[in-house]
Structures are given as C-alpha cells and as structure tokens.
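# Structural description and commentary
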Amino acid sequence: MRVRNPRTGVYDYEIPDCNAAQIVQCCKQLRNHQDAWLRSGITNRIAVLQEWKQAIIVNKELLVGALAADTGRTWETIAEVDWVIDSIDKWCATTSNFYEAYDNWIPYQLVAIISPWNFPLALSMMDTIPALLSGAAVLVKPSEVTPRFIEVLNRTILSVPGLQKILLFTPGDAAIGAKIVELVDLVGFTGSIHTGKKIALAASKKLTPVLMEIGAKDPAIVMQGANLEIAATAILKGSTTNAGQNCLSFERIYVHESIHDALVDLLLEKTKALQLVTEDQHKGEIGPIIFEKQVLTINTHLEDAKTLGAIMLTGSNCCEQIHGGFYCRPTILVNVTHNMLLMKEETFGPIMPIMSFSSTEEVIELANTTKYSLGAAVFAATDEEAADIANRIHAGSISINELALTAILHYGDQLSFNMSGIGGLKIGQENFSRFLKKRTIHLMQNLSK
C-alpha cells in the first residue's frame, strides 16, 4: 500500500500487505499471552510501561521524523510525542492510586484501537495505555493515511520483553479494520462518522462493546463584556492548530452583536500574522491538509458558503496546491448562516465562520443546533456568567474563559454527546472501568444455622 507525503504530494512510502489470516493469528497470539499479563499484577504492568516510555524517549527523534513526514507539521508533532511520554507517567500514577478499587473487576481480554490520521501517535495511544494497565491485550490499527510511525513504535515494543507479546501496532486498510472488529472483545474508534457507523453495525453482530468519537462541530461563544484578547487568542489557536485538523477545533463562532466588529478586527489582525509551512518545515504555523480527500470537503464548504452569501475577510477561496501539497490559509468569514455546510458539517480545516447574536437565549439555541456535541467554549465577563451558559450547552467538554480545550492535546475529560460518539475519554479511575467488567461472586450462607 503506497502512502502520500502531504507536503509534496509524492507517494514516497509503502506499508506491507496485511491479510485476514495474519490478523487472525495476531489476535490468537495476543489472547494467549493476555492472562499472564493480567496475573503479573499492576506493579509489574506499571514497570513495563515505564520501560516502554524509556524506549520511546530513546527513539523520539525517529518517531518525530516519521510522524512529521506523514502530517507535514513539526511543532505539533514534537508536542504529540511529548504528550504520549507524559501520558504514560500520568496513567501509571493514576493506576497506582486507584487500581485497588477495581480488584473485583476483570479486563476485556483483547481490545482493538482503530485510530485516525490527524494525531496519529497520540490518538492511537490515548486508550492503549489505560487498556494495557487494566490488564488487557491490545491490537492497534492506525490510519493507513499516516502509518510511518508504526515501524518505529513496534521497534520500541519489541525492545521491552514484558510488552512484546500483549501489544501490537499493525498497518492495514479498512478491510483489515473490519476483520479486527470481528475478532476482538471491545473496540475503541476515533474517526469519521461514516466509518464509525460501519464499525458500530459490524460490532453489533456479536454485541461487541464500542467506544467511539466520530464527529464534532464545536462552537465558541463570545458574550458582551468578555475579554476580547483572551477570546480572540483562544479562537485563533482553537481554529487553526494543526491546520484545523483537530476534533476539538472551533468550527462555529458566535459573537454578541455589540462586540462583533471589534472581535472580528482583532481576530483578523492575529490571523494575518500566521504563515504557511511550505518549503521549510520548521518555519510557519499552518501545515498542509494531511488527507487529500479532506481537501474536497473544505473546498465544497467554502464554495457553498460563498454561493449563499458569506463574505470572506481573509484566507482562501479554496485549498491551494503548493509544491505538491494542499494548503488552506486561515480563513475568516462573516455574514454566515446556519443553512451553510460549514455551519452544519465537520469541515476539519482552519476556517473561522462568525455569526452575531443579540441575546443569550438566541446563542444557546444556535450553539445547540447541531447533530454533533463534543466540545464548546464560552467567553463572558465573569466565570459565573460563562458557567451559567455552559450548563445549557449540549456538549461533553466545555471550556470557560480560558484555553483548556484549545490546547493540542489536553488531559481533561473528553465526552461525546449526540452523534459525536459513544462514551468518551475520562481521566482517572473512571477511565479504567471502560476496559473492565465487574465480576460478582455469591457465597450462599448455610441456612440451617
């Protein structure tokens, strides 16, 4: 299978073929070794994960290089690898503190993680780490769009004797993903709603539990009296980091009519300072669109908005092809309405559509007019006012007057409402329960006594 470089457009990498028979054998081997992994105890599992962390640190430069080649961006990639290293420490500490509460629970024997292309390493590891610590064996299939890191990561796994028999990252396409769903006990999926529906349908045949995050259209709400500097900085970061290819990106921006023009002017000024990452991967802030098929979605949404009357203040009429890669400049649009695709469907690009509103009731109705309900942000004069509004927004994770959810990757709960998914990432003790089943043993008393 040939893999495209998003900065050059050249298919310059290949991943080996992986067939159904190989996946069956991999699953069998993982199951055979899972019981020993569970019985080894939590102290041993923590020690093994810490040994793996050291192997990742040793190979950090190679990991960053592979991921950067697949995504076309550098500083986000360095942050992504650092996040994984830090996550191992955080999960190990959490497990050490809370695992005793789960001594009557047993893990799903074999967990599958099917992960997306926007943060290839981090989103493949987000559930893998707690699943391993819970005592499960784990099979991970990252996206075939960004597979280069698999070879490096499997090298780190093979260097840790305690890990190599209960964890495997495998390349493969959609057909391999479908086969994996047939063979495992629990599926964790992050990706498109189209693929998510297919996985849910396939898993239902055996009633296999599924955890998934499959779509978002996060609103940012700016109320009268909000600190415009904080709001504009957060909106820009939350809309353009990783070229907007982030499940928690702000894709709808609602601004009170009294401050609409001031906020737009400030955001416009900040946006014009951003540069594309083209020839020199270490210069600029906006990298390429990673997945070539996403270009069509972005272009369609921009053309639709323009046709229906949106006004573009800065940015791109469509994605531009530069040196073989596709780039979308950070784009601000006003005069947008909810009948436009870019206010209804997930765009996954650095697009900032801005609507004005006149009342709290109006903006709450606008924010809740979506089939997706993953995240949101509210900026207001006080935290109390913002919290009152947040409590009426249908979303799983809501940031108030700060930048928490606009970070590249964060450590807060990430829950999915409506069609954004099933379940969600929880931090601490609760997250381990997603990979565990409770076993109750009843001892009947001698009633003759």
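So, a few notes on the structure that sits alongside this text. (Residues numbered from 1 in each chain as written. Predicted model: local features only at pLDDT ≥ 70, side-chain atom pairs only at ≥ 80, totals over all residues. Heavy atoms only, no water.)

## Digging into a negative patch on the surface
A cluster of acidic side chains, namely Asp-383, Glu-384, Asp-388 and Glu-402, defines a negative patch on the protein surface. Assignment of secondary structure puts Asp-388 in helix α14 (residues 383-390). With relative accessibility at 52%, the residue Asp-388 sits in the exposed group. (Patch = residues over 30% accessible without salt bridge, like charges linked within 9 Å, V, L, I, M, F, W, Y side chains within 5 Å. Areas by Shrake-Rupley, 256 points an atom, 1.4 Å probe, with all protein chains shown as cover. Salt bridge = Lys/Arg side-chain N within 4 Å of Asp/Glu carboxyl O. Lys, Arg positive; Asp, Glu negative; His and termini not counted. Charge placed at Lys NZ, Arg CZ, Asp CG, Glu CD. Helix = DSSP H or I, 4+ residues; strand = E, 2+ residues; numbered from the N terminus. Buried < 20%, exposed > 50% of the residue type's maximum accessible area, 1.4 Å probe, protein only.)

## Quick notes on the nonpolar core
Membership of the largest hydrophobic core comes to 72 residues, with the highest contact counts inside it found for Trp-52 and Leu-167. What Leu-167 contacts, discounting residues up to four positions off in sequence, is Leu-30, Trp-52, Thr-128, Leu-132, Val-138, Val-140 and Ile-157. In terms of nonpolar packing, the next biggest core, distinct from the first, is built from 37 residues, Leu-276, Ile-286, Phe-326 and Met-340 among them. (Core = buried A, V, L, I, M, F, W, Y, C linked by side-chain atoms within 4.5 Å. Contact = heavy atoms within 4.5 Å.)

## Topic: the sheet that holds strand β4 (residues 110-114)
Strand order in the open sheet formed by six strands is β6-β5-β4-β7-β8-β21, and the pairing between neighbours is mixed. A single partner strand is all that each edge strand has here, and the edge strands are β6 (167-169) and β21 (421-422). Relative to strand β8 (residues 210-213), strand β7 (residues 186-190) runs parallel, the two sharing four bridges. The residue bridging Phe-189 from the neighbouring strand is Met-212, located in β8. Sheet strands in contact with helix α1 (residues 20-39) are β4, β5 (137-141) and β6, and its direction is about 155° off that of β5. (Pairing = 2+ DSSP bridges. Axes fitted to C-alpha atoms, helices over the stretch in contact; angles between N-to-C directions.)

## Section: the environment of Thr-71
Tracing the chain through its elements places Thr-71 in helix α3 (residues 60-71). The sequence separation of Thr-71 and Val-10 amounts to 61 residues, and the corresponding C-alpha distance is 13 Å. If near-sequence neighbours (up to four positions away) are discounted, Thr-71 is found in contact with Pro-6, Thr-77, Trp-117, Pro-120, Thr-146, Pro-288 and Ile-290.

## Digging into the layout of surface pockets
In this structure, the largest pocket encloses a volume near 1,400 Å³. Around the largest pocket, the lining is made up of 45 residues, and of these Trp-117, Gly-191, Ser-192, Thr-195 and Phe-291 lie nearest the centre. Those elements that place two or more of their residues in the lining of the largest pocket are β1 (2-4), α8 (174-183), β7, α9 (193-204) and α12 (292-307). Split by residue class, the lining of the largest pocket holds 21 nonpolar, 13 polar and 11 charged. (1 Å grid on protein atoms, 1.4 Å probe; cavity = no way out; pocket = protein on both sides within 12 Å on 5 of 7 lines; lining within 4 Å. Points joined across faces, edges and corners; volume = space filled by probe spheres on them. Nonpolar A, V, L, I, M, F, W, Y, C, P; charged D, E, K, R; others polar.)

## Comments concerning α3
Given a rise of 1.5 Å per residue, 12 residues ought to cover 16 Å, and the 16 Å separating the end C-alpha atoms of α3 matches this to within 8%. Immediately downstream of α3, the backbone of Gly-72 shows phi near 75°, a positive value. (Expected span 1.5 Å × (residues − 1).)

## Thoughts on the state of the cysteines
Counted according to the given criterion, the structure contains zero disulfides. No disulfide involves Cys-18; its nearest neighbouring cysteine sulfur is the one of Cys-26, lying 6.2 Å away. (Disulfide = S-S within 2.5 Å.)

## Quick notes on α8
Residues spaced three or four apart along an α-helix point in a common direction, a consequence of the helix completing one turn every 3.6 residues. Listed in full, the buried residues belonging to α8 are Ile-176, Gly-177, Ile-180 and Val-181. Down the axis of α8, the buried side of the element spans an arc of 145°, and every buried residue falls inside it. Residues of α8 that are buried sit in contact with α1, β4, β5, β7 and α9. The N-cap of α8, judged by a side-chain oxygen 3.1 Å from the amide nitrogen of Ala-175 a few residues on, is Asp-173. (Arc of directions from axis to C-beta. Polar contact = N/O pair within 3.5 Å; in protein donor to acceptor, adjacent residues only side chain to side chain.)

## Points about the environment of Met-340
For Met-340, the location among the structural elements is in the loop between β14 (331-334) and β15 (351-357). We classify Met-340 as buried; its relative accessible area is 0%. Sequence separation between Met-340 and Glu-303 is 37 residues; the distance between their C-alpha atoms is 9.8 Å. Beyond its immediate chain neighbours, meaning those up to four positions away, Met-340 contacts Asp-304, Ala-305, Leu-308, Gly-309, Ala-310 and Asn-335.

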